Amino acid sequence: MPGDSDTSSPSFHATLHSLKVWDTPLPVFDPDTAPSTPLPLFREWFTHAAAAGQLEPHTMSLATVDPEGRPDVRILMLHDADDRGWHFASHSTSAKGRQLAAHPDAALAFYWPTVARQIRIRGRVTACAPEESRADLAVRSRGALAAALTGRQSEVLASAQELAEASAAAWERAGAEPDAPVPTWTRYVLDPAEVEFFQGDAARRHVRLRYSRPPQAPGPWTRELLWP
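We now turn to the structure provided with this report. These numbers come from a predicted model, not from an experiment.

Focus on a nonpolar patch on the surface
Together, F12, L16 and L19 make up an exposed nonpolar region whose accessible area comes to about 310 Å². Of note, F12 is situated in helix α1 (residues 10-18).

With respect to the side chain of Q199
Note that Q199 resides in strand β7 (residues 185-199). For Q199, the side chain forms a polar contact with the main-chain oxygen of A116, separated by 3.5 Å. If near-sequence neighbours (up to four positions away) are discounted, Q199 is found in contact with L26, P27, F29, W45, V115, A116, R117, H206 and V207.

Considerations on the nonpolar core
Core analysis: the largest hydrophobic core is formed by 30 residues, its most contacted members being F42, W86, F110 and I119. Residue assignment for this core shows that the elements contributing at least two residues are α2 (38-51), β1 (59-65), β4 (85-91), β5 (105-112), β6 (117-127), β7 and β8 (207-212). Residue contributions to this core peak at five residues, all from α2. For I119, the residues in contact, after removing those within four places along its chain, are F42, W45, L108, A109, F110, W112, V195, E196 and F197. Formed by 11 residues, the second largest nonpolar core is a distinct cluster that contains A146, A148, A174 and V182.

Focus: unusual backbone geometry
The backbone of E56 shows a phi angle near 45 degrees, a positive value even though the residue is not glycine. Among the structural elements, E56 can be located in the loop between α2 and β1.

Regarding the pattern of salt bridges
Applying the stated rule across the entire model yields 14 salt bridges. In this structure, D72 and R74 form a salt bridge, with 3.4 Å as the shortest nitrogen-oxygen distance. We classify D72 as partly exposed; its relative accessible area is 29%. Classification of R74 by relative accessible area gives buried; the value is 16%. A salt bridge links R187 to D136, with the shortest nitrogen-to-oxygen separation between them at 2.5 Å. Separated by 51 residues along the polypeptide, R187 in strand β7 and D136 in helix α4 (residues 130-138) bring together distant segments of the chain. The exposure classification of R187 matches that of D136, with both residues buried. Here the residues in one salt-bridge network are R84, E132, D136 and R187, joined through shared partners.

Examining the packing of helix α5 (residues 142-150) against helix α6 (residues 160-176)
Between α5 and α6, the shortest axis-to-axis distance is 8 Å and the interhelical angle comes to 125 degrees. The pairing of α5 with α6 is recorded here as oblique in orientation. The interaxial crossing formed by α5 with α6 has right-handed handedness. Counted together, R142, G143, L145, A146, L149 and T150 of α5 and L163, A166, S167, A170, W171, E172, R173, A174 and G175 of α6 form the full contact between these two elements.

Brief notes about the side chain of R74
As for its placement among the helices and strands, R74 is situated in strand β2 (residues 71-77). Once you skip the residues sitting within four places of it in the chain, R74 turns out to touch M60, S61, L62, A63, T64, K96 and Q99.

Description of the pairing of β4
Burial runs high along β4: seven of the seven residues are buried. Bridge count between strand β3 (residues 80-82) and β4: three bridges; the pairing is antiparallel. Residue pairing across strands places D80 opposite H87, the latter belonging to β4. Linking two consecutive strands that pair antiparallel, namely β3 and β4, is a turn of two residues. Bridging between β4 and β7 involves six bridges; their strand directions are antiparallel. If you follow A89 over to β7, its bridge partner there is R187.

Analysis parameters
- Residues numbered from 1 in each chain as written.
- Predicted model: local features only at pLDDT ≥ 70, side-chain atom pairs only at ≥ 80, totals over all residues.
- Heavy atoms only, no water.
- Patch = residues over 30% accessible without salt bridge, like charges linked within 9 Å, V, L, I, M, F, W, Y side chains within 5 Å.
- Areas by Shrake-Rupley, 256 points an atom, 1.4 Å probe, with all protein chains shown as cover.
- Salt bridge = Lys/Arg side-chain N within 4 Å of Asp/Glu carboxyl O.
- Helix = DSSP H or I, 4+ residues; strand = E, 2+ residues; numbered from the N terminus.
- Polar contact = N/O pair within 3.5 Å; in protein donor to acceptor, adjacent residues only side chain to side chain.
- Contact = heavy atoms within 4.5 Å.
- Core = buried A, V, L, I, M, F, W, Y, C linked by side-chain atoms within 4.5 Å.
- Buried < 20%, exposed > 50% of the residue type's maximum accessible area, 1.4 Å probe, protein only.
- Axes fitted to C-alpha atoms, helices over the stretch in contact; angles between N-to-C directions.
- Parallel < 35°, antiparallel > 145°, perpendicular 65-115°, else oblique.
- Left-handed = near helix turned anticlockwise from the far one by under 90°.
- Pairing = 2+ DSSP bridges.

Structure follows, in structure tokens:
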């Protein structure tokens, strides 16, 4: 059968094995200078990555589990990072929304290859009040409102034409009603229990600094280095 053999796609394997990782000068991270809490360091690294030319540094992976305990992951956008946690938004009726309602523990991951840095965050997710969720949507673009109004995220789509028609109608409504309600649109906040900062090193002597604290506890953070 096509695709069964390891030799069936030589261009794929040639490309895969030709790729270089971090073939540029990399920033230095001294964990001894890190702050006592992870939020200031996250903001510093985020700003640095954007200034270094990292495309879309606000994109991140969100990992959840379904009712059978199977992991699920997708890419979405960061909406804020403050003392409450890391913010994002989606429909409560989407796959991720249903999974978070049933099992609110989740993980986030940022990867910024331009500076060989990644940040991993684990914690519990809570849904914000309807007023805050609506305010989240209000500051976004007409296209974002139209997409939210289209709804039905993660449901089976019968055809591309069905999407085109629903999207066109939602776009028109978003222009006519910029305050149109989207009851299922929800802003979420992940309250971190663990945040790891990873600085890549060309010699593979990566620096890993992990902050941790008891889940759902406002106590002090513990910092520790991890082997690469």
